[in-house]
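Spelled out from the first residue to the last, the chains are:
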Amino acid sequence: RKSKFMLYNTKMKGVELKFDATRNGASVILEINLSNPVQRIEKFEQFVLHKSTMEKQFPEGLLWNPSYIRECGTEVSRIYTEKTGIDLHRRIQWLEFYTFMTEEMIKLERAFKLVKETME
């Protein structure tokens, strides 16, 4: 069955769910990209208050970065999980990429929905 992920349709301003895949690994990301740095950090801190709820879905924990610099130079806040040591350009690892990204995005969406209800 095909899954349709929430991604940019979070209905929360400045908050998006994203995938990232490179030659070094894969990431599933909740990104806060409000242009106002004060508002961005405030939103990030709201998520930090719900850290235990979000991490229940992730036994190995999540990575929390309040000031991540994208390749284009933009500063954002990120909450994410990653798997290193797999290469997007190696066809033999595509199943591993797909499995990781699908399973982790389902968990991240579930955690986001739980937290979003309490933040509204």
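Each remark here, short or long, concerns the structure printed above.
Here the structure is a predicted model, which is why all the values come from computation and not from measurement.

**Student:** Honestly, the nonpolar core in this entry has me stumped. Any pointers?
**Tutor:** Nonpolar side chains in soluble globular proteins tend to end up buried together. By size, the foremost hydrophobic cluster in this structure holds 27 residues, and its most contacted members are Leu30, Phe47, Met54 and Ile79. Of all the secondary structure elements, the ones that give two or more residues to this core are strand S1 (15–21), strand S2 (25–32), helix H1 (37–49) and helix H3 (94–119). Contact partners of Met54, with chain neighbours within four places excluded, come to Leu30, Phe47, Leu62, Trp64, Ile79, Leu108, Ala111 and Val115.

**Student:** Honestly, the layout of surface pockets in this entry has me stumped. Any pointers?
**Tutor:** Where empty space is left becomes clear once a probe the size of a water molecule has been rolled over the atoms. Here the largest pocket defines a volume of roughly 200 Å³. In terms of lining residues, the largest pocket is bounded by 13 residues, among which Asp20, Thr22, Ala26, Ser27 and Glu82 are the most central. Of all the secondary-structure elements, those providing two or more residues to the lining of the largest pocket are S2 and strand S4 (75–84). Top contributing element to the lining of the largest pocket by residue count: S4, with five residues.

Parameters at a glance
- Residues numbered from 1 in each chain as written.
- Predicted model: local features only at pLDDT ≥ 70, side-chain atom pairs only at ≥ 80, totals over all residues.
- Heavy atoms only, no water.
- Core = buried A, V, L, I, M, F, W, Y, C linked by side-chain atoms within 4.5 Å.
- Buried < 20%, exposed > 50% of the residue type's maximum accessible area, 1.4 Å probe, protein only.
- Helix = DSSP H or I, 4+ residues; strand = E, 2+ residues; numbered from the N terminus.
- Contact = heavy atoms within 4.5 Å.
- 1 Å grid on protein atoms, 1.4 Å probe; cavity = no way out; pocket = protein on both sides within 12 Å on 5 of 7 lines; lining within 4 Å.
- Points joined across faces, edges and corners; volume = space filled by probe spheres on them.

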